[in-house]
Amino acid sequence: MARIRHEGVLVVGAGLAGLTAALAAAPARVMVLTDAPLNQGCSSAWAQGGVAAALGEDDAPALHAADTVEAGAGLVDADVARLLADEGPEAVRRLAALGAPFDRTADGGFAQSLEAAHGRARVARVKGDQAGRAIMDAVTIAVLAARHIEVRTGTKLTGLLQDAEGRIHGVVARIGGRPVEITARAVILATGGIGGLYAVTTTPAELQGDGLGLAALAGAAIADPEFVQFHPTAIDIGRDPAPLATEALRGEGASLINGDGERFMARYHPAAEMAPRDIVARAIHAEREAGRGAFLDARTAVGAHFPEEFPAVYAACMGGGIDPRVQPIPVAPACHYHMGGIATDTEGRTSLPGLFAAGECASTGVHGANRLASNSLLEAAVFGARAGRAAALEAPEPRPLTAITAPELPAAALQTLRQAMSRDAGVIRDAAGLARLLAEIDALEAAHGRAAPLVAARLVAACALARRESRGGHYRQDFTELQSPTRTVTTLGQIERPSLRFAAE
Ligand code: SIN
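Draft legend 1. Representation of the overall build of the protein in the model. Scanning the protein from terminus to terminus reveals 15 helices and 21 strands. Its C-alpha radius of gyration of 21 Å places the protein within 12% of the 23 Å reference for a compact globule of 505 residues. Dimensions of the protein, computed from the C-alpha atoms along their principal axes, are close to 65 × 55 × 40 Å. Expressed as a percentage of the 505 residues in the protein, the buried residues total 60%. Put simply, of all contacts in the protein between residues at least 6 apart along the chain, 72% involve residues at least 24 apart. Looking at the protein as shown, the accessible area adds up to about 18,100 Å², and 51% of this sits on carbon and sulfur atoms. Averaging the positions of the 47 positive and the 56 negative side-chain charges in the protein gives two centres separated by 4 Å.

The following block contains the structure:
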């Protein structure tokens, strides 16, 4: 197999976490690997809300951290939340300095939106719902201009290079259809989430947990994989992926109604439309299951201003035959974010030396069981930079290497998996469904090998089965109560032990 020796850091993934890591690793040389063209195939560019940070006069990092902890339903690491909140304002200013055109107040401050479960308006936004695209445009330009960074698009991660002691020294990638080994000082996985494992997702469908699955195959510790966030208001117009109707719309006063025109959220939570995301998602699921349907009604709150205030939502609705100025928007919950992932410290270090992770594929403990709205771009900016700086300091000795690779999952098998994940590891879960899902994953693995998406799906399903409680994004209809709060930290080897499966059942 061809081998490339890269003297610096490898970053896999070109969303906000990956590109921020690449910039921060300077002056170390960085090679960024991405299958998709820049600014495509990453959730960051699709983010609508913005970046949460305590920038207002009436705000403070301690308040932001407190809201983060509260939203995470007992599992947030409070020290990590405080670190994220403390570094938030500077992260936003850094993005602005790179050219991200945040909306401004008359006195030059950052205009901020209110989103669910935030105690005050705290989300720095761009033209209503354009934050992700505008931030990624600015960061991409900076990356392309940076002399220490080389970007290789059309490069698909297929494996990790590991020595006998477990250290990661590089990756195996497919470039132009051919496998290539690339060795490096350190590898940062910034491969995004697992939306593509679900039939209904708001994320690019190519995000199928490849980094998570490969890290698990190499023996990395995995944290909280059962915690998947379902965004309540994906626009239900039959598109895959489903376009998002940002929470900022509810922050502006849009309401949720069912097909009878009833404003139903007060029946589910005192904060009604501004309740935590998991509660709103389950309420919408319940209304739809009851046959009443669910709609986001922004006719009064936004109305004629839709095209200029929420251009992405407006375009998506019009493309689906809905005019949101005068019609309620049909909505459904969709897989949106993975709180769990490859366990890391606050500098992105995983349990495997030489392997770092940042952004959605990582789990620092900052999101607990339920991520606070608009903390994801912030997390990518803060922890991406920390991982980049730390990875640049690695200096491993050369060693004989083994390639840990995974086969590709055929398209038909992936579709089977997506249906099964939405059915059995979705908004509502129970033991029977999760056991059926694990059996489906076993069958797919027997037919196609341990493909990374199957490994990632197994982590979600097995840990969801083992967690016999309902907490945050993980709702078990057979175990609706909270147990004492404990994070899951596991390895693939542990979840594959049959004893654990039987214990959970
Ligand atoms: C949204 O705009 O509703 C999504 C923001 C987020 O996922 O944090």
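Draft legend 2. Focus on helix α10 (residues 375–391). Helix length check: α10, at 17 residues, gives a terminal C-alpha distance of 23 Å against a target of 24 Å (1.5 Å per residue), a fit within 8%. The element α10 is largely enclosed, with a buried count of 16 among its 17 residues.

Draft legend 3. Seen up close, the site of the ligand. Taken together, the residues surrounding the ligand are Gln48, Gly49, His231, Leu244, Thr246, Glu247, Arg277, His336, Arg371, Ala373 and Ser374. Here an oxygen atom of the ligand sits 3.0 Å away from a polar atom, N or O, in the main chain of Gly49. A distance of 2.7 Å is found between an oxygen atom of the ligand and a backbone nitrogen or oxygen belonging to Glu247. Among the residues making up the shell around the ligand, the classes are represented as two nonpolar, six polar and three charged.

Draft legend 4. Highlighting the packing of aromatic side chains. What the rule picks out here adds up to five aromatic pairs. Cation over ring: Arg104 sits above Phe110, and NZ or CZ is 4.1 Å from the ring centre. Here Arg371 stacks its cationic end above the ring of Tyr337, 4.1 Å away from the centre of that ring.

Draft legend 5. Molecular detail of the pattern of salt bridges. Inspection of the entire model under this criterion finds 38 salt bridges. Close ionic contact of Arg250 with Glu247 constitutes a salt bridge, the shortest N to O distance being 3.5 Å. Residue classification places Arg250 among the buried residues on the basis of a relative accessible area of 4%. A salt bridge links Arg267 to Glu262; the nearest nitrogen and oxygen atoms lie 2.9 Å apart.

Draft legend 6. Seen up close, the packing of helix α1 (residues 16–24) against helix α4 (residues 131–145). Interhelical geometry of α1 versus α4 gives an angle of 30° and a closest axis separation of 10 Å. Of the two possible hands of crossing, α1 and α4 adopt the one that is left-handed. Contact residues: Leu16, Leu19 and Leu23 in α1; Ile135, Met136, Val139, Thr140, Ala142 and Val143 in α4. Its residues assigned to classes, the contact of α1 with α4 comprises eight nonpolar, one polar and no charged.

Draft legend 7. Quick peek at the packing of helix α11 (residues 411–424) against helix α12 (residues 431–448). For the pair α11 and α12, interaxial distance at closest approach is 9 Å and the crossing angle is 170°. Here α11 is positioned roughly antiparallel relative to α12, judged by the angle of their axes. Touching Ala413, Thr416, Leu417, Ala420, Met421, Arg423 and Asp424 of α11 are Gly433, Leu434, Arg436, Leu437, Glu440, Ile441, Leu444 and His448, all from α12.

Draft legend 8. Seen up close, the nonpolar core. Of all hydrophobic cores here, the largest spans 65 residues; its most connected members are Val171, Leu189, Tyr198, Ile342, Leu417 and Met421. Ranked by residue count, the leading element in this core is helix α13 (residues 452–466), at 12 residues. Among all residues touching Ile342, those that are not within four sequence positions of it are Leu189, Gly211, Leu212, Ala215, Ala220, Ala221, Ile222, Thr350, Ala357, Cys361, Ala362 and Ser363. One finds Ala65, Val92, Val139 and Phe383 within the second-largest nonpolar core, a separate group that totals 58 residues.

Draft legend 9. How the structure looks around the sheet that holds strand β5 (residues 112–113). The strand order β4-β6-β5 describes an open sheet built from three strands, whose pairing is antiparallel. Each edge of the sheet is formed by a strand with only one pairing partner; in this case those strands are β4 (51–52) and β5. Sheet topology places β4 next to strand β6 (residues 123–124); two bridges connect them, and they run antiparallel. Opposite Ala52, over in β6, you have Val123 as the bridge partner.

Draft legend 10. Expanded view of unusual backbone geometry. A cis amide bond links Ala26 with the next residue in sequence, Pro27, at an omega value of 5°. Note on placement: Pro27 falls in the loop between α1 and β3 (30–34). Note that the residue after Asp240, namely Pro241, is joined by a cis bond; omega there is -5°. Looking at the element boundaries, Pro241 is found in the loop between β13 (228–235) and α6 (248–251). In the Ramachandran plot, Asp224 falls in the positive-phi region, its phi being about 50° despite a non-glycine side chain. On the secondary structure map, Asp224 appears in the loop between β12 (222–223) and β13. Residue classification places Asp224 among the buried residues on the basis of a relative accessible area of 2%. Phi at Ser374 is positive, roughly 65°, even though this residue is not glycine.

Draft legend 11. Local environment of the environment of Cys361. Here Cys361 shows up in the loop between β18 (355–357) and β19 (362–363). By relative accessible area, which is 3% here, Cys361 ends up buried. Considered as a pair, Cys361 and Leu296 are 65 residues apart in the sequence and their alpha carbons are 30 Å apart. Excluding anything up to four places from it in sequence, Cys361 contacts Leu189, Ala190, Thr191, Gly192, Gly341 and Ile342.

Reading the values: rules and limits
- Residues numbered from 1 in each chain as written.
- Predicted model: local features only at pLDDT ≥ 70, side-chain atom pairs only at ≥ 80, totals over all residues.
- Heavy atoms only, no water.
- Helix = DSSP H or I, 4+ residues; strand = E, 2+ residues; numbered from the N terminus.
- Rg over C-alpha atoms; globule rule 2.2 N^0.38 Å.
- Buried < 20%, exposed > 50% of the residue type's maximum accessible area, 1.4 Å probe, protein only.
- Contact = heavy atoms within 4.5 Å.
- Areas by Shrake-Rupley, 256 points an atom, 1.4 Å probe, with all protein chains shown as cover.
- Lys, Arg positive; Asp, Glu negative; His and termini not counted.
- Charge placed at Lys NZ, Arg CZ, Asp CG, Glu CD.
- Expected span 1.5 Å × (residues − 1).
- Near = heavy atom within 4 Å.
- Polar contact = N/O pair within 3.5 Å; in protein donor to acceptor, adjacent residues only side chain to side chain.
- Nonpolar A, V, L, I, M, F, W, Y, C, P; charged D, E, K, R; others polar.
- Phe/Tyr/Trp six-rings, centres within 6.5 Å; stacked < 30°, edge-to-face > 60°.
- Lys NZ or Arg CZ within 6 Å of the ring centre and 35° of its normal.
- Salt bridge = Lys/Arg side-chain N within 4 Å of Asp/Glu carboxyl O.
- Axes fitted to C-alpha atoms, helices over the stretch in contact; angles between N-to-C directions.
- Left-handed = near helix turned anticlockwise from the far one by under 90°.
- Parallel < 35°, antiparallel > 145°, perpendicular 65-115°, else oblique.
- Core = buried A, V, L, I, M, F, W, Y, C linked by side-chain atoms within 4.5 Å.
- Pairing = 2+ DSSP bridges.

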